[in-house]
Amino acid sequence: KYSKTVGSVNTIKSVKARGGAAAADSSVATTGSSNNNPLQAFLNTIINSRGHLAAAAAARCTSIFTMYPIDTLKTRMQMGNTFRESMQQGGIMKGVSGSLVGQVPYGVLTFGSYEVYKEMLLKKFPNVRPVFIYAMAAILGDVTGSGWVCPSEVIKQQMQAGMYPTTGDAIRSIWSKSGLGGFYQGYMGGLARDVPFRVAQLTSYEVAKKVFLNYRKRQDDGVKELSAVDSAMVGAVAGTFSAAITAPLDKIKTLLMTEGGKYGGSVMQCASSIVQSEGVGGLFAGVVPRVVYIAPSVTIFFVVYEQV
């Protein structure tokens, strides 16, 4: 069973928690029959899953705040700084408030829309394996939430890069230079990273879950499902793998959001420029902090989620 939780970049989007998945699935059954109205279905999903969403929000806030310094180091290294230079720059918590403001509503949008998409796709394609439906619904949910989260990501990354001292300064400067469009620079880069990341994450999660569950069953025939701890471990493995293979796309997204004017906002032009100036290895700048960020974030998310 799957329930859509907040996650950027960075946590498994299909989690099983005490009562959470069951509540989400039951909410889908309720929402599906209500007038076939997607907006009403979305609102019913949010209302019926409010406890689940509150737990996910608390968990996500904790994981973001705890691991934020690693995320800042990753951003700075992707922009060409060494690890030492990134540390010496200081201000490793710059932009954290904007990140929290962006990520929590993003979780509500992605969760609610995921459930709506999942129900619609299951009805439209009843003969397709559910795992593919869940993956497509998760991707569509990410795309739906991306419109909200992109501005907060632009502000966060530009502050992490040391371009602005405060959130207010960042907002005023971006608006004065580029208007509303300035808050969406790098939007396509974000989608180019998030869609492959989600596909890789869900696929690797399913594979790792199956392998780990079979291992548990060999130890104990009574085991039917993974425990919360086991799920956290599997999620960390899937997230780490997905983070590593999409590191080049994450770097492109960072550069488009912080220095988009150099590349005309083009994903391909940005990638080509990186390879020409830094070689293929340049695409993987910041991969270590990106990977280091993912696994603890998933673990923290699950631990806090289970306690709320």
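Residues numbered from 1 in each chain as written. Predicted model: local features only at pLDDT ≥ 70, side-chain atom pairs only at ≥ 80, totals over all residues. Heavy atoms only, no water.

Chemist: Mind laying out helix α9 (residues 228-245), listing which residues take part and the relevant values?
Modeler: In this model α9 runs 26 Å from its N-terminal to its C-terminal C-alpha over 18 residues, within 8% of the 26 Å that 1.5 Å per residue would give. Buried within α9 we find Asp230, Ser231, Ala232, Val234, Gly235, Ala236, Ala238, Gly239, Ser242 and Ala243. (Helix = DSSP H or I, 4+ residues; strand = E, 2+ residues; numbered from the N terminus. Expected span 1.5 Å × (residues − 1). Buried < 20%, exposed > 50% of the residue type's maximum accessible area, 1.4 Å probe, protein only.)

Chemist: Can you explain a nonpolar patch on the surface? Please cite residues and give values.
Modeler: Together, Leu39, Leu43 and Ile47 line one region of the surface with nonpolar side chains, adding up to about 280 Å² of accessible area. With a relative accessible area of 39%, Leu43 lands in the partly exposed category. (Patch = residues over 30% accessible without salt bridge, like charges linked within 9 Å, V, L, I, M, F, W, Y side chains within 5 Å. Areas by Shrake-Rupley, 256 points an atom, 1.4 Å probe, with all protein chains shown as cover. Salt bridge = Lys/Arg side-chain N within 4 Å of Asp/Glu carboxyl O.)

Chemist: I'd like a rundown of the pattern of salt bridges, residues and numbers included.
Modeler: This model, assessed by the stated rule, comprises 14 salt bridges. Its salt-bridge partner being Glu119, residue Lys123 comes within 3.3 Å of it at the nearest N-O pair. Placement of the pair is Lys123 and Glu119 together in helix α5 (residues 96-124), with a separation of four residues, close to one helical turn. Overall, Glu119 belongs to the buried group, its relative accessible area being 11%. With a closest N to O distance of 3.4 Å, Lys156 and Glu153 form a salt bridge. Here Lys156 pairs with Glu153, and both are found in helix α6 (residues 130-160), just three residues apart, close to one helical turn. By sharing partners, the salt bridges in this structure join Asp71, Lys74, Glu153, Lys156, Arg193, Asp194, Asp250, Lys253 and Arg290 into a single network.

Chemist: Pulling in residues and values, what's your account of the confidence of the model for the protein?
Modeler: Here the protein averages 81 in pLDDT, and 85% of its residues register 70 or above. Across residues 1-34 the pLDDT falls below 50, and counting only partners more than four positions away or on other chains, this stretch makes 121 contacts in the model. (pLDDT = per-residue confidence, 0-100. Contact = heavy atoms within 4.5 Å.)

Chemist: Give me α6: which residues, what numbers.
Modeler: Compared with an ideal rise of 1.5 Å per residue, which puts 31 residues at 45 Å, α6 spans 40 Å between its outermost C-alpha atoms and falls more than 12% short. Along its length, α6 reaches its greatest deviation from straightness, about 50 degrees, at Gly147, and the proline Pro151 lies no more than four positions downstream. The buried fraction of α6 amounts to 22 of the 31 residues, a majority that puts the element mostly inside the structure. Count one or two residues on from α6 and you reach Gly162, which has phi positive near 85 degrees. (Bend = angle between axes of the 7 residues up to and from the residue.)

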